[in-house]
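So the chains spell out like this:
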Amino acid sequence: MNISIQTFRVISLLEALSFIVLLLIAMPVKYLLGNPELVRVVGMAHGILFVLYILGAFVFKNTLNWSNQVLGVVILCSIIPLGPFYVDRKYL
């Protein structure tokens, strides 16, 4: 799997933004307006981006000589809103 740092940064950005859209727009639309369609669409996109982010993190563990601790932080940041922005600033 050949992936550039720039590609991983884009995936990271999109993953973070899709998570924010899912939490702040799609979920309220589902529960306040009774329309679950947006959750399906954004949720699917976020799920795919999440998997790509995790795979990219494992690829870059070796490429960027990350320790297991750094890899753990990068993966943990994937489940925290705005976490990928922290990874981008600190580790990429």
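Before reading further, recall that the structure is shown in the block above.
So, here's what we can say about the structure. Predicted, not measured: the structure shown is a model, and the values here were computed from it.

Focus on the environment of Leu14
Residue placement: Leu14 occurs in helix H1 (residues 5-33). By relative accessible area, Leu14 is classed as partly exposed at 40%. Residues Leu14 and Ile48, 34 residues apart in the sequence, show an inter-C-alpha distance of 10 Å.

Quick look at helix H2 (residues 37-63)
Taking 1.5 Å of rise per residue, the 27 residues of H2 would be expected to cover 39 Å, and the 39 Å separating its terminal C-alpha atoms lies within 8% of that figure. Within H2, burial applies to Val39, Val42, His46, Leu49, Tyr53, Ile54, Gly56, Ala57, Phe60 and Lys61. Just past H2, the residue Asn65 takes up positive phi, approximately 55 degrees.

Parameters at a glance
- Residues numbered from 1 in each chain as written.
- Predicted model: local features only at pLDDT ≥ 70, side-chain atom pairs only at ≥ 80, totals over all residues.
- Heavy atoms only, no water.
- Helix = DSSP H or I, 4+ residues; strand = E, 2+ residues; numbered from the N terminus.
- Buried < 20%, exposed > 50% of the residue type's maximum accessible area, 1.4 Å probe, protein only.
- Expected span 1.5 Å × (residues − 1).

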